Amino acid sequence: MISDLSDDLLLEILSSLPARDMVGTMLLSKRWKFLWTMVTKLHFDDSFKDYYYDDEDEDYVTDGEKFFPYRRFRQYVDKFMILHKSYVLETLTFELGLVSRTDDLATWIRIAIARQVRELEIHRSNADKNDYSFTLPLDLYTYDKLVVLKLCGSIVLDVPSVVSLSSLKSLHLLSVLLYHDEESHRRLLKGCPVLEELVVDKSENFDVSSLYVLTPFLKSLSIVNEYNRQLSTVEHPKFDCYVDVINVPCLKYLNYVDIYDFGHSCLCENMPEVVEANVKLVCKFPEKLMRSLTSVKRLSLCLHGPMRKHRIKYNQLVHLELCRCSIMWLDLLTRMLESSPKLQVLKLNKCQEPFYDSPIKPIKGRWEPSSVPECLVSHLKIVEWKYYNGRHEEKKVVAYILKHARHLKTATVSAQELSTKIPTPQREELVSLPRASASCKLVLD
């Protein structure tokens, strides 16, 4: 029955399979014998990518090849690319191991360019940059038909002086191990004039201190520098006072996660169209970033850093999720409520990463709005509070919101440990609090 389907539909089914399984379908019938040669989406996975060299392993040989299984993989890809007949490649994906070689990848990429590949993904196992990292062929940096480029792992970005990726709309650089020099990423981004999506994960990369994103048509930006406990006590002089510079006038979505406390700062400007942002930041001067988000409608915020008493208005904000990890979260909550007159949904949460797993910290600052925030009087409808522990200051916040939120429909409060219930005395205390909204439903988990 499946053989009765159209060629287009069968090719779409085959495109979801790894290349080796795809070729295996040629044994099904005469109809399938050459069908695989016309698939436009190819995925090559080096199944031995996690194996390391071991002199006692019988699979290793000493005839100039580092690793016999990889040699078989290389020969397989070579033969596949030669026999493949499709004139256009929509997607080409490689998952490679530590013994993969620059020359092999360069050959495959050049064949892909000849087939007018539109989307290229290269995932390579992370390794010590001095031993295993390899570079991309220079041809790739001037290929003007590439639309999507995704790189992950121990790859060297040795960006030439001339970059011309005139069709590239999506660029992912995920834990790329190193850049050849500090100007590489600037040259790369400058050569992508129509770029709309940029994802940069610096978590495993200690070769790029500052990041400059000056891209006129960018719509989605994600910058991630996740915490690593093993590296938290190591000194990294290159990171001291590093700067992320962002100037993206067409940006709609921002994901900015950087929780390395190396005293860096974020200089943001000209972001007038951001509608959704996720910000998790340890930063000396977060105000410039926060001032750039005045157009945001949905905001998830975990902020560790001093916010001076500057008034920043968020007149479009309707949905706010605020993390309570910082010991100054009460001040931040006060400021956000006072600055967000149209807020409808407020969620108070707490990060669960090991970085924040510590005994309960004392809360600094006080809950004392100068006047009842406008959002409580006229707009706030939903409040969700997770990991509530019933401390004095937290009780004051809940009591204040219930007392002044006139249009509140639902207030949900969950226990400190999600597997348990709020203790009975705390439940009775919360239920007895006066409410400005007669229709408010209080949910206690």
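Look above for the structure.
Note that the coordinates shown come from a computational prediction; the quantities given were computed from them, not determined experimentally.

(A) Structural view of the environment of E393. Note on placement: E393 falls in helix α10 (residues 392–404). Residues E393 and L330, spaced 63 residues apart in sequence, show a C-alpha to C-alpha distance of 8.5 Å.

(B) Structural view of the pattern of salt bridges. The full count for this structure, using the stated rule, is 7 salt bridges. For R110, the salt bridge is made with D139, and the minimal N-O distance between the two is 3.3 Å. Remark: D139 occurs in the loop between β4 (134–135) and β5 (148–153) and R110 occurs in helix α4 (residues 102–114); sequence separation between them is 29 residues. A relative accessible area of 41% means that R110 is categorised as partly exposed. Taking the shortest distance from any N to any O, the salt bridge between E394 and R324 comes out at 3.2 Å. With a gap of 70 residues between them, E394 in helix α10 and R324 in the loop between β17 (319–323) and α8 (329–339) connect regions that are remote in the sequence.

(C) Quick look at unusual backbone geometry. One non-glycine residue, S175, lies in the positive phi region at around 50 degrees. The topology assignment puts S175 in the loop between β7 (170–174) and β8 (178–179).

(D) Local environment of the nonpolar core. Formed by 106 residues in total, the largest nonpolar core has its most connected members in F44, M271, L293, L299 and L346. Look past the residues within four positions of L299 in its chain and what remains in contact with it is A277, V279, M290, L293, L317, H319, L320, E321 and M336.

(E) Looking closely at α4. For α4, built from 13 residues, the straight-helix expectation of 18 Å at 1.5 Å per residue is met to within 8% by its first-to-last C-alpha distance of 18 Å. Of the residues trailing α4, Q116 is marked for its positive phi of about 60 degrees.

(F) Looking closely at the packing of aromatic side chains. Going through the model one piece at a time under the given rule, you end up with 8 aromatic pairs. Between F44 and F94, the aromatic rings sit 5.6 Å apart at their centres with planes inclined by 20 degrees, giving stacked as the arrangement. Of the two residues, F44 is situated in strand β1 (residues 41–45) and F94 in strand β2 (residues 91–96); the sequence distance between them amounts to 50 residues. F94 carries the same exposure label as F44, and that label is buried. When the ring of F73 is compared with that of W108, the centres are 6.1 Å apart and the planes differ by 90 degrees; the resulting orientation is edge-to-face. Note that F73 is positioned in helix α3 (residues 68–83) and W108 in helix α4, a separation of 35 residues in sequence. Taking relative accessible area as the criterion, F73 reaches 4% and is therefore assigned buried.

How each quantity is defined
- Think of each chain on its own: its residues are numbered from 1, step by step along the sequence as written.
- With the structure being a predicted model, the display of local features is reserved for residues of pLDDT at least 70 and the display and counting of side-chain atom pairs for 80 or more, all residues being used for whole-chain, interface and lining totals.
- Computation of side-chain values: all heavy atoms of the structure, hydrogens and water removed.
- Think of it this way: any DSSP run of H or I at least four residues long counts as a helix, any run of E at least two long counts as a strand, and we number them from the N terminus.
- Salt bridge, as used here, is a side-chain nitrogen of Lys or Arg placed within 4 Å of a carboxyl oxygen of Asp or Glu.
- Relative accessible area decides the class of each residue, using a 1.4 Å probe on protein chains only: under 20% of the type maximum gives buried, over 50% gives exposed, and in between gives partly exposed.
- What is meant by a nonpolar core is a set of buried Ala, Val, Leu, Ile, Met, Phe, Trp, Tyr and Cys residues, joined one to another through side-chain atoms within 4.5 Å.
- Any two residues having at least one pair of non-hydrogen atoms within 4.5 Å are treated as being in contact.
- Expected span of a helix: the number of residues minus one, times 1.5 Å.
- Only Phe, Tyr and Trp rings take part, Trp by its six-membered ring, and two of them pair if their centres are within 6.5 Å. Stacked means planes under 30 degrees apart, edge-to-face means over 60, and tilted covers everything else.

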